[in-house]
Amino acid sequence: MSLGSDDLQTSLLQHATPDVTLRRSGSCAVAEWITSVKARLRSSKNLRSKLIALVILVVVTVILIMYTCLSCGGGTQCAGICSFSSLKPMKLKADDEVTCNSTEKAFIGKNPAKRLPQAIIFGVRKAGTRALLEFLGLHPDIVVNVVEQHFFSNDVNYSKGLEYYREQMSASYEQQITIEKTPKYFIDIMAPERIYRMNHSVKLILILRDPVVRLVSAYAQLVAKNKENNITYPPLEEMVLDENGDVNLDYKLVQVSVYYKHIIHWLEFFDLHQIHIVDGDKLITDPYYEIYEAEKFLGVGHKIQRDIFFFNKTKGFYCVRQCTSSTSPPCLGETKGRQHPPVDKKLVEKLRNFFEDKNEKFFQLIHRSFNWTTLIV
Ligand SMILES: Nc1ncnc2c1ncn2[C@@H]1O[C@H](COP(=O)(O)OS(=O)(=O)O)[C@@H](OP(=O)(O)O)[C@H]1O
């Protein structure tokens with residue numbers, strides 16, 4: 001059937017009702033509409049009407065895509081055509097000059113009070129726990145406790161009771177959640193049970209990093225701390241290997257990196273779905289993605305936008321344009337992102353071999369695996 005120019009335009013305009021169509025039956029109706037318009041295009045012999053039809057088709061398709069993306073608001077359901085706008089990792093502009101845009105949280109909430117944390121970042125030390133906490137603290141519905149409490153991992157603190165613990169928390173409003181972080185909890189044998197007793201449905205967050213890189217990071221911290229007191233800390237090789245040249249399991253830094261031994265205790269008390277795992281190596285390269293995943297786990301809305309983060313060349317890490325208080329700087333302090341000492345390749349290989357089966361055991365327990373074989377130490 002051939003349609004005249006006006007007929008074709010009228011017909012196309014009649015079909016150009018994206019709003020109604022979309023609301024009626026979503027993306028299927030949109031696809032149907034596009035197909036029907038394409039069919040009419042094909043059947044028209046008149047060049048002018050074909051051109052007009054094509055222009056209308058393009059304009060309406062663009063409007064439809066914009067409408068769909070705006071109405072899905074950047075959530076997971078937006079993956080696909082809308083992912084360009086929110087989810088895909090995007091390289092951000094390097095920016096060394098940015099200062100922190102101090103926006104004290106303008107809370108409008110009910111019943112300000114100190115509350116026990118509904119979520120705890122319980123480890124792992126040197127995996128990025130501070131960055132994670134600080135970034136989550138940008139969310140208007142999250143209140144973070146900046147001081148590590150060591151409440152569940154320290155008998156003296158624990159004996160002071162939950163009221164004492166609650167008193168240590170920052171005040172929050174009813175709709176907000178409070179988060180505490182103490183990396184030591186992960187390796188503490190008593191912490192899982194004690195936390196379970198406080199709240200068995202607490203949300204737990206565990207940030208992980210390649211165990212070898214983590215070990216070297218912890219070692220760099222010890223070297224730096226000792227240097228402050230004019231003490232020379234022994235070379236890594238000396239600490240990490242025993243007299244036979246095998247990896248020294250008595251060295252605390254090695255023990256912490258044997259993740260499976262620690263997680264076993266947590267899984268005695270908590271379901272895996274209660275533990276959200278953050279990839280600490282990815283938090284360094286793409287903080288937005290990891291924070292977005294944590295927002296989903298915590299059940300707070302998606303508020304921490306990609307453009308809050310910027311890469312600071314001098315620091316070598318992502319920093320934030322927005323900060324929780326007028327005194328907080330955009331980047332984490334100098335104890336975060338230290339220069340690691342050079343480590344002999346053979347030692348790295350030995351450590352990687354040592355951790356291989358231990359990592360495998362850990363992956364089986366958490367039903368997830370990480371590529372911890374290639375990162376530069
Ligand atoms: N954005 C940003 N800025 C600075 N540092 C960052 C960031 N994201 C992750 N990291 C990594 O965090 C590592 C320190 O981990 P923690 O905060 O868990 O350390 S601690 O256990 O609280 O001492 C720290 O380890 P080192 O690089 O070895 O110092 C960083 O690599």
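Just so we're clear, the structure is a prediction, and the values are computed from it rather than from any experiment.

A. Inspection of the site of the ligand at higher detail. Taken together, 21 residues lie around the ligand, and K126, T129, S217, G337 and H340 are the ones closest in. One of the side-chain N or O atoms of R125 is found 3.2 Å from an oxygen atom in the ligand. Here G337 contributes a backbone N or O atom positioned 2.8 Å from an oxygen atom of the ligand. Of the pockets mapped on this structure, the ligand occupies the largest pocket. Elements that contribute at least two residues to the shell around the ligand include exactly α5 (129–136), α9 (211–228) and β10 (317–320).

B. The arrangement of α9 in detail. With 18 residues, α9 extends 26 Å from end C-alpha to end C-alpha; this agrees with the ideal 26 Å at 1.5 Å per step. Taken together, the buried positions of α9 are P211, V212, V213, R214, L215, V216, S217, A218, Y219, A220, Q221 and N226. Elements that come into contact with the buried residues of α9 comprise α10 (236–240), α11 (252–257), α12 (259–267) and α15 (345–366). Of the residues that open α9, the one with a side-chain oxygen 2.8 Å from the backbone nitrogen of V212 is D210. One or two positions beyond α9, positive phi appears at N230, with a value near 60°.

C. Region of the structure containing the sheet that holds strand β8 (residues 275–279). Read across the sheet, five strands follow the order β4-β6-β3-β7-β8 without closing on themselves; strand pairing throughout is parallel. Lying at the two open borders of the sheet, with one neighbouring strand each, are β4 (142–145) and β8. The mean angle between the axes of side-by-side strands here comes to 25°, regardless of whether they run parallel or antiparallel. Where strand β3 (residues 119–123) and strand β7 (residues 203–208) come together, four bridges link them in parallel fashion. Within the sheet, the bridge partner assigned to I120 lies in β7 and is L204. Relative to strand β6 (residues 177–181), α5 is tilted by about 165°, and along the sheet it contacts β3, β4, β6, β7 and β8.

D. Just the layout of surface pockets, in detail. By volume, the largest pocket is sized at about 840 Å³. Along the wall of the largest pocket there are 39 residues; nearest its centre are R209, I284, F317, G337 and H340. Secondary-structure elements contributing two or more residues to the lining of the largest pocket are α5, α9, α13 (280–285) and β10. For the lining of the largest pocket, a count of residues per class yields 17 nonpolar, 11 polar and 11 charged.

E. Up close: the nonpolar core. Counting 78 residues, the largest nonpolar core has I120, Y185, L206, W266, L298 and F362 as the members making the most contacts within it. Here this core takes seven residues from α15, the largest share from any one element.

F. Geometry of the environment of Q274. Mapped onto the elements of the fold, Q274 is located in the loop between α12 and β8. Judged by its relative accessible area of 13%, Q274 is buried. A sequence separation of 73 residues divides Q274 from S201, and the C-alpha atoms of the two residues are 7.4 Å apart. Look past the residues within four positions of Q274 in its chain and what remains in contact with it is H200, S201, V202, K203, L204 and F297. Within the structure, the side chain of Q274 is placed 2.7 Å from the backbone oxygen of H200, a separation counted as a polar contact.

What counts, and at which threshold
Residues numbered from 1 in each chain as written. Predicted model: local features only at pLDDT ≥ 70, side-chain atom pairs only at ≥ 80, totals over all residues. Heavy atoms only, no water. Near = heavy atom within 4 Å. Polar contact = N/O pair within 3.5 Å; in protein donor to acceptor, adjacent residues only side chain to side chain. 1 Å grid on protein atoms, 1.4 Å probe; cavity = no way out; pocket = protein on both sides within 12 Å on 5 of 7 lines; lining within 4 Å. Sits in = over half its atoms within 2 Å of the grid points. Helix = DSSP H or I, 4+ residues; strand = E, 2+ residues; numbered from the N terminus. Expected span 1.5 Å × (residues − 1). Buried < 20%, exposed > 50% of the residue type's maximum accessible area, 1.4 Å probe, protein only. Contact = heavy atoms within 4.5 Å. Pairing = 2+ DSSP bridges. Axes fitted to C-alpha atoms, helices over the stretch in contact; angles between N-to-C directions. Points joined across faces, edges and corners; volume = space filled by probe spheres on them. Nonpolar A, V, L, I, M, F, W, Y, C, P; charged D, E, K, R; others polar. Core = buried A, V, L, I, M, F, W, Y, C linked by side-chain atoms within 4.5 Å.

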